Amino acid sequence: MTTKTAKIGSRRLSVRDMAAQKNTTPIVCVTAYTAPMAGFMDDAVDLLLVGDSLGMVLYGMDSTLPVTLDMMIQHGAAVVRGSKHACVIVDMPFGSYQASPAEAFKSCARVLAETGCAGVKLEGGQEMSETIRFLTTRGIPVMGHVGLTPQSVNQFGGYGTRGKSKAEARMIIDDAEAVADAGAFAIVIEGTVEPLARAITAKIPVPTIGIGASPACDGQVLVTEDLLGLFSTFTPKFVKRYAELGKAVNRAVATYAADVRARRFPAPEHCVAAKPKP
Ligand code: KIV
C-alpha cells in the first residue's frame, strides 16, 4: 500500500488526488477491463485505466480502432463495480470524440453517467485542445495522451518510438503544453525517447504518466496482461514481466485435463452423497 493510500483511507481517489501527485509520490497505474481484475489490483494502485487496449488484449483485434463506445461503457462500469479505492479513468474509443467538441461532450457524458468513473482519457495534442477545453469547462475531467497515440496507427504507419527528430520532439512538447493548458488533469506520455518525456515532465504543471517514456515521469502505467504474462501476441521493449500467469494457467488446465481423463476428478469430496430419506 502506498503512503498516499494509507493517508486517504477508504475514500475513493479522485482526479484531484492524481493532480496533487505532481512532483511527489509516483502515480501507480495499471489497465483494468473486468470487475474481478479490478478487485485484485484496487488497493495496490492509485489509478485503474480502462484502456481501449482491451480491443487487442481481450478481443483479439488487430488494433484499438474497432473498439466501440458501448464496449468501453460495459467494461468501465464493471471496473467501477469491482473497485472501491482507485481512481477509475475510461478511454474514449476512436471515432467517439474527434469530430467536434459537442460530439465529444455527448460521448464523454455517457461514459461518466453510465460507468460512474472519475474521468476520461483521450488521445491527441494541439488538434484536440479545443475539445479538451470544451469538456473540462463543462464538468468532464480529462486525461490527455501524447507521443505514440495508437488510434493514429494508420497515420504514423506503426507503433514506433516517437520524438526521435528535433522537429517531432518539438511538436510533442507543444502537444503536451496545449493539452495541459486546455485543462487536462494529467497526461499519458507513450512511446517516446526518454529525454523528451523527462523534459515534458519538467515543463508542464500537471502529472505525466509514462509508458515506454521515462522514469522521471510523475507516474507509470502498464497493461496488466503484459506485466502478468497473460498477453504475448506482442510485447513491447518497455514491458517488464512481473509474473508468468499465462504459463501457470496452461499448467493448471493441463493438470485438470489429465485428472478428468484419468477419472481422478471429480473425487468423492466434490460430489454430493445421496442422503437416505428418513
Ligand atoms: O489503452 C490503453 O491501455 C492505454 C495505455 C496503454 C496508456 O492507453
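What comes next concerns the included structure. Because the structure is predicted, anything quoted here is derived from the model rather than measured.

Examining the overall build of the chain
No. 1: Looking only at helices and strands, the chain has twelve helices and eight strands in total.
No. 2: Its C-alpha atoms put the chain at 80 × 40 × 40 Å along the principal axes.
No. 3: Looking at the 278 residues of the chain, the share that counts as buried comes to 50%.
No. 4: Relative to all contacts within the chain whose residues are 6 or more apart in sequence, the contacts with residues 24 or more apart total 57%.

Section: the site of the ligand
No. 1: Taken together, Thr31, Leu49, Gly51, Asp52, Ser53, Asp91, Lys121, His145, Val188 and Ile211 make up the full set of residues adjacent to the ligand.
No. 2: Between an oxygen atom of the ligand and a side-chain N or O atom of aspartate 52, the distance comes to 3.0 Å.
No. 3: For the ligand, an oxygen atom lies 2.5 Å from a polar atom in the side chain of serine 53.
No. 4: For the ligand, whose unbound accessible area comes to 260 Å², protein coverage reaches 95%.
No. 5: Per-class residue counts for the shell around the ligand are three nonpolar, four polar and three charged.

As for the sheet that holds strand E3 (residues 87-91)
No. 1: If you trace the eight strands once around the closed barrel, you get E1-E2-E3-E4-E5-E6-E7-E8, paired in parallel fashion. Each strand of the sheet is rotated relative to its neighbour by a mean of 25°, with strand direction disregarded.
No. 2: In the sheet, strand E5 (residues 142-147) pairs with strand E6 (residues 186-190) via five bridges, with the strands oriented parallel. Paired with methionine 143 across the strands is alanine 186, a residue of E6.
No. 3: Relative to the sheet, helix H6 (residues 101-115) contacts E3 and strand E4 (119-121), its axis offset from that of E4 by approximately 130°.
No. 4: Sitting on the sheet, helix H9 (residues 166-181) touches E5 and E6, and the angle it makes with E5 is about 175°.

Points about the environment of proline 207
No. 1: Counting through the fold element by element, proline 207 comes out in the loop between helix H10 (194-203) and strand E7 (208-211).
No. 2: By relative accessible area, proline 207 is classed as buried at 0%.
No. 3: For proline 207 and leucine 135, which are 72 residues apart along the polypeptide, the C-alpha to C-alpha distance reads 19 Å.
No. 4: What proline 207 contacts, discounting residues up to four positions off in sequence, is Met18, Ala19, Lys22, Ile27, Phe185, Ala186, Ile187 and Asp218.

Points about helix H7 (residues 129-136)
Since the α-helix advances by 3.6 residues per turn, residues separated by three or four positions end up pointing in the same direction.
No. 1: Within H7, the full set of buried residues consists of Ser129, Thr131, Ile132 and Leu135. Seen end-on, H7 carries its buried residues on one side only, within an arc spanning 155°.
No. 2: Close packing links the buried residues of H7 with H6, E5 and H9.

Comments concerning a nonpolar patch on the surface
No. 1: A cluster of nonpolar side chains, namely Leu230, Leu245, Val249, Val253, Tyr256, Val260 and Phe265, defines an oily patch on the protein surface of about 580 Å² accessible area.
No. 2: Following the sequence through the fold, valine 260 ends up in helix H12 (residues 245-261).

Description of the packing of aromatic side chains
No. 1: Overall, the coordinates contain two aromatic pairs when judged by the stated rule.
No. 2: Ring geometry for phenylalanine 105 and phenylalanine 134: centres 6.4 Å apart, planes at 80°, overall edge-to-face. Separated by 29 residues along the polypeptide, phenylalanine 105 in helix H6 and phenylalanine 134 in helix H7 bring together distant segments of the chain.
No. 3: For phenylalanine 134, a relative accessible area of 27% gives the class partly exposed.
No. 4: Between tyrosine 256 and phenylalanine 265, the aromatic rings sit 5.9 Å apart at their centres with planes inclined by 65°, giving edge-to-face as the arrangement.

About the criteria used
Residues numbered from 1 in each chain as written. Predicted model: local features only at pLDDT ≥ 70, side-chain atom pairs only at ≥ 80, totals over all residues. Heavy atoms only, no water. Helix = DSSP H or I, 4+ residues; strand = E, 2+ residues; numbered from the N terminus. Buried < 20%, exposed > 50% of the residue type's maximum accessible area, 1.4 Å probe, protein only. Contact = heavy atoms within 4.5 Å. Near = heavy atom within 4 Å. Polar contact = N/O pair within 3.5 Å; in protein donor to acceptor, adjacent residues only side chain to side chain. Areas by Shrake-Rupley, 256 points an atom, 1.4 Å probe, with all protein chains shown as cover. Nonpolar A, V, L, I, M, F, W, Y, C, P; charged D, E, K, R; others polar. Pairing = 2+ DSSP bridges. Axes fitted to C-alpha atoms, helices over the stretch in contact; angles between N-to-C directions. Arc of directions from axis to C-beta. Patch = residues over 30% accessible without salt bridge, like charges linked within 9 Å, V, L, I, M, F, W, Y side chains within 5 Å. Salt bridge = Lys/Arg side-chain N within 4 Å of Asp/Glu carboxyl O. Phe/Tyr/Trp six-rings, centres within 6.5 Å; stacked < 30°, edge-to-face > 60°.

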